[in-house]
Amino acid sequence: VDRLLEGDAISAASGVSSALIAVTEKLRREIFRQHSIDEKTVSAVQQRIKSIEEPFCYFVHLNVVYYPFRPRAPYNRCYGDHSFYTRRRNVQLQRSIIDNRPRVYSGDMSIDADALAVIEDLYRGAIRHADDGLRELIKTLENNNQLSETIVIFFGDHGDHLGPRRGGLSGPDRV
């Protein structure tokens, strides 16, 4: 601002431009994550698998299927073409559900059917994202001729908020 008052508008504009570029880049990284932590995990395990010749055991934990569901593109639109604004508001709702889980389970807090549909769409997108990561790991085992000598076990513990028709808990209707 001082430079602008002194007549150095070009320097001030350059500073403002640099700040806007930095903020825009940070937002782009946050909103349109290019690589998720899960993808980095899968990649690291793939590299280790490729270099192992003796028996091994890995427990690979993928986080994309945990609240709040925010699968990156293209997975965020696999099961519903929801706007960015709708997905953003839904993530805020998911955080509220996390904070109020006892109220949801007891039936004191209900989830709007349309919002639940978006949560389900994002959840399924997250599952697709995780499935693709697991598929990549299995492909690596196959390409290294290790799959026939490997036992692969999958664990899952999700869906607790998706209602009785999905096998989860939903207030007094829980199964």
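Overview of the structure. The structure displayed is predicted, hence computed values, not measured ones.

Regarding the packing of aromatic side chains
Alright, step 1. Enumeration over the complete set of coordinates arrives at four aromatic pairs.
Alright, step 2. A ring pair is formed by Tyr67 and Phe69, whose centres lie 5.1 Å apart and whose planes are at 25 degrees; its orientation type is stacked.
Alright, step 3. Between Phe69 and Tyr123 the ring centres are 4.8 Å apart and the planes differ by 50 degrees, which places this aromatic pair in the tilted class. In this pair, Phe69 is assigned in the loop between helix 3 (37-51) and helix 4 (84-99) and Tyr123 in helix 6 (residues 113-143), connecting sequence segments 54 residues apart. Considered together, Phe69 and Tyr123 belong to a single accessibility category, that of buried residues.

Here's the deal with the layout of surface pockets
Alright, step 1. The space that makes up the largest pocket amounts to roughly 990 Å³.
Alright, step 2. If you trace the largest pocket, you find 34 residues lining it, with Tyr58, Val60, Leu134, Val152 and Ile153 closest to the centre.
Alright, step 3. In terms of residue count, the dominant contributor to the lining of the largest pocket is helix 6 (seven residues).
Alright, step 4. Taken together, the residues that form the lining of the largest pocket break down as 23 nonpolar, six polar and five charged.

Re the nonpolar core
Alright, step 1. Ranked by size, the top nonpolar core spans ten residues in total: Val42, Val45, Ile49, Leu62, Val64, Val65, Ala126, Ala130, Leu137 and Leu141.
Alright, step 2. Secondary-structure elements contributing two or more residues to this core are helix 3 and helix 6.
Alright, step 3. When residues in this core are grouped by element, the largest group, four residues, is from helix 6.
Alright, step 4. The contact partners of Val64, leaving out residues within four places of it in the chain, are Asp38, Phe69, Pro71, Ala126, His129 and Ala130.
Alright, step 5. Membership of the second largest hydrophobic core comes to nine residues, among which are Phe69, Val104, Met109 and Leu122.

So, how was this worked out
- Residues numbered from 1 in each chain as written.
- Predicted model: local features only at pLDDT ≥ 70, side-chain atom pairs only at ≥ 80, totals over all residues.
- Heavy atoms only, no water.
- Phe/Tyr/Trp six-rings, centres within 6.5 Å; stacked < 30°, edge-to-face > 60°.
- Helix = DSSP H or I, 4+ residues; strand = E, 2+ residues; numbered from the N terminus.
- Buried < 20%, exposed > 50% of the residue type's maximum accessible area, 1.4 Å probe, protein only.
- 1 Å grid on protein atoms, 1.4 Å probe; cavity = no way out; pocket = protein on both sides within 12 Å on 5 of 7 lines; lining within 4 Å.
- Points joined across faces, edges and corners; volume = space filled by probe spheres on them.
- Nonpolar A, V, L, I, M, F, W, Y, C, P; charged D, E, K, R; others polar.
- Core = buried A, V, L, I, M, F, W, Y, C linked by side-chain atoms within 4.5 Å.
- Contact = heavy atoms within 4.5 Å.

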